[in-house]
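For reference, the chains in residue letters:
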Amino acid sequence: MKFYPFGPEDAPVLLLLPGTCCHWKSNFQKVIPLLEGTFRVVCVSYDGFDETESTRFPTMLEETEKLEAYIRDHCGGHIRGAYGCSLGGSFVGLLAARRNIRMDVGILGSSDLDQTSPFAARLMTGLMLPMIYPLIRDGKFGLHLLQKRMEKELSDPYTAAFLELFGGARPYITKESCKNQLYSDLVTPLPDKIEAPGTEIHIFYAKKMGKKYRDRYLRHFACPIIHEQDLRHEELLACRPESWAQLVKAVAGGVR
């Protein structure tokens, strides 16, 4: 796991956690310049997804332990906030639930928080991996029909921006790392009614994902502050980075 810091060393720390199989830079490159004057921005690059390492993604809990160790060793055990893009929101929830570090604000970016049994997770991972791994490795789908459909949908600004968020061809990523991340996220339990003293949980709720996701946020967190947006999954981050940064600054309260 690698950590990439930006901004003044004495500013409040804001941890940025990428989404499923995303590259940290493509995920957050548009918003880092908008945040680094206010925060000490620290971008996380998961095991198995950084081009400078020969590592493999293990499990969500093992990666959470590494996040906690970094916060203890480099931030005095306390950060102003953490933003989790999609899958990254699961890490935010785990950090809050485990209470091993202090986090003033945790923000989930339209995370789905899907959880299922090991048997169902194996089936789902087995179905998803052959479709998305060629996109991760080569920057395009292996199946001709999927690739043609994606090319057609690139006329939609959201699709184009979301693929840019995801990242281009990354041949250094192994199928095993992708498989481990997909599977572990599905089987790692997130407790219900999480409440960590001194921590506010904020949800950037993309309403176009569906009401069931709002219900999940209310189930997993005791008192979440839900910011409703009539948008699609991570559309605010992907398509409106300035608005996203303004909202993050407002909820994290890091104005110096």
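The structure this text deals with has already been given above.
Thresholds applied
- Numbering of residues begins from 1 in every chain and follows the order in which that chain's sequence is written.
- In view of the model being predicted, local features appear only for residues whose pLDDT reaches at least 70, and side-chain atom pairs are presented and counted only at 80 or more, with totals across whole chains, interfaces and linings using the full set of residues.
- Values reported for side chains reflect all heavy atoms of the structure, with hydrogen atoms and water molecules removed beforehand.
- Numbering goes from the N terminus for both helices and strands, where a helix is a DSSP run of H or I of at least four residues and a strand is a run of E of at least two.
- The globule rule used here is 2.2 Å times the number of residues to the 0.38 power, and the radius of gyration it is set against is calculated over C-alpha atoms.
- Burial status follows relative accessibility: with a 1.4 Å probe on protein chains alone, a residue under 20% of its type maximum counts as buried, one over 50% as exposed, and anything between as partly exposed.
- Two residues form a contact once any of their heavy atoms are found within 4.5 Å.
- Where accessible areas are quoted, they stem from the Shrake-Rupley method and a 1.4 Å probe; at the residue level, only the protein chains shown are allowed to cover.
- Positive charges come from Lys and Arg, negative ones from Asp and Glu, while His and the chain ends are left out of the count.
- By convention, the point assigned to a charge is CZ for Arg, NZ for Lys, CD for Glu and CG for Asp.
- At least two bridges found by DSSP between two strands are what make those strands a pair.
- What counts as an axis is a line fitted to C-alpha atoms, over the stretch in contact for a helix, and the angles between N-to-C directions run from 0 to 180 degrees.
- Note on terminology: angles under 35 degrees are roughly parallel, angles over 145 are roughly antiparallel, angles of 65 to 115 are roughly perpendicular, and the others are oblique.
- Handedness of a crossing follows from how the near helix is turned relative to the far one, being left-handed for an anticlockwise turn of less than a right angle and right-handed for a clockwise one.
- Note that Gly is not counted as nonpolar here; it falls among the polar residues with everything else outside the nonpolar set of Ala, Val, Leu, Ile, Met, Phe, Trp, Tyr, Cys and Pro and the charged set of Asp, Glu, Lys and Arg.
- Aromatic rings from Phe, Tyr and Trp, with only the six-membered ring used for Trp, were paired whenever their centres fell within 6.5 Å, and each pair was classed as stacked if the ring planes differed by under 30 degrees, edge-to-face if by over 60, and tilted otherwise.
- Ring-over charges, as used throughout, are those where CZ of Arg or NZ of Lys falls within 6 Å of the ring centre and within 35 degrees of the ring normal.

Draft legend 1. Structural detail: the overall build of the protein chain. A count of helices and strands for the protein chain gives 11 helices and 7 strands. The C-alpha atoms of the protein chain give a radius of gyration of 17 Å, which matches the 18 Å a tight globule of 256 residues would have. A principal-axis box enclosing the C-alpha atoms of the protein chain has dimensions of 50 × 40 × 35 Å. Counting every position in the protein chain, which comprises 256 residues, the buried fraction comes to 52%. A sequence separation of at least 24 residues applies to 78% of the contacts in the protein chain between residues at least 6 apart. Only carbon and sulfur atoms are counted for the fraction: they give 53% of the accessible area of the protein chain, which is about 11700 Å². Each charge class in the protein chain was averaged separately, 32 positive and 31 negative side chains, and the resulting centres sit 4 Å apart.

Draft legend 2. Structural view of the sheet that holds strand 3 (residues 40-45). Reading across from one edge, 1-3-2-4-5-6-7 is the order of the 7 strands in this open sheet, with mixed pairing throughout. In this open sheet, the two edge strands, each paired with only one partner strand, are strand 1 (2-6) and strand 7 (225-229). On average, each strand axis in the sheet is inclined to that of its neighbour by 20°, with strand direction left out of account. Pairing between strand 2 (residues 13-17) and strand 3: 4 bridges, direction parallel.

Draft legend 3. Focus on the environment of Phe 166. On the secondary structure map, Phe 166 appears in helix 7 (residues 157-166). Those residues within four positions of Phe 166 in sequence are excluded, and the remaining contacts are Thr 20, Cys 21, Cys 22, His 23, Ser 26, Leu 135 and Ile 136.

Draft legend 4. The arrangement of the packing of helix 3 (residues 60-75) against helix 4 (residues 88-98) in detail. Interhelical geometry of helix 3 versus helix 4 gives an angle of 65° and a closest axis separation of 10 Å. Comparing the axis directions of helix 3 and helix 4 gives the class roughly perpendicular. The element helix 3 and its partner helix 4 pack so that their crossing is right-handed. In this structure, helix 3 uses Met 60, Leu 61, Glu 63, Thr 64, Glu 65, Leu 67 and Glu 68 to contact helix 4, whose residues at the interface are Ser 90, Phe 91, Leu 94, Leu 95 and Arg 98. Looking at the contact of helix 3 with helix 4, its residues break down into 6 nonpolar, 2 polar and 4 charged.

Draft legend 5. Structural context of the packing of aromatic side chains. This structure, assessed with the given rule, holds 10 aromatic pairs. Ring geometry for Tyr 46 and Phe 57: centres 6.2 Å apart, planes at 85°, overall edge-to-face. With Tyr 46 in the loop between strand 3 and helix 3 and Phe 57 in the loop between strand 3 and helix 3, this residue pair connects regions lying 11 residues apart in the sequence. Taking 5.8 Å as the distance between ring centres and 55° as the angle between the ring planes, the aromatic pair formed by Tyr 83 and Phe 204 counts as tilted. Of this pair, Tyr 83 sits in strand 4 (residues 78-85) while Phe 204 sits in strand 6 (residues 200-206), placing them 121 residues apart in sequence. Per residue, the accessibility class of Tyr 83 equals that of Phe 204, and both read buried. Cluster of aromatic residues (ring-pair linked, three or more members): Tyr 46, Phe 49, Phe 57 and Phe 91. Stacked on the ring of Phe 166, the Lys or Arg Arg 170 has its end atom at 5.4 Å from the ring centre.

Draft legend 6. Region of the structure containing the pairing of strand 3. Counting buried positions along strand 3 yields 6 of 6 residues, so the element is predominantly enclosed. Taking every second residue as pointing to the same face, both faces of strand 3 are buried, with Arg 40, Val 42 and Val 44 on one and Val 41, Cys 43 and Ser 45 on the other. Strand direction decides the pairing type here: strand 1 and strand 3, joined by 5 bridges, are antiparallel. The residue of strand 3 that forms the bridge with Lys 2 is Ser 45.

Draft legend 7. Just unusual backbone geometry, in detail. Non-glycine residue Cys 21 carries a positive phi angle of around 55°. With respect to the helices and strands, Cys 21 occurs in the loop between strand 2 and helix 1 (24-28). Under the relative-accessibility criterion, Cys 21 is labelled buried at 0%. Unusually for a residue other than glycine, Ser 86 sits at a positive phi of about 55°. Here Ser 86 is to be found in the loop between strand 4 and helix 4.

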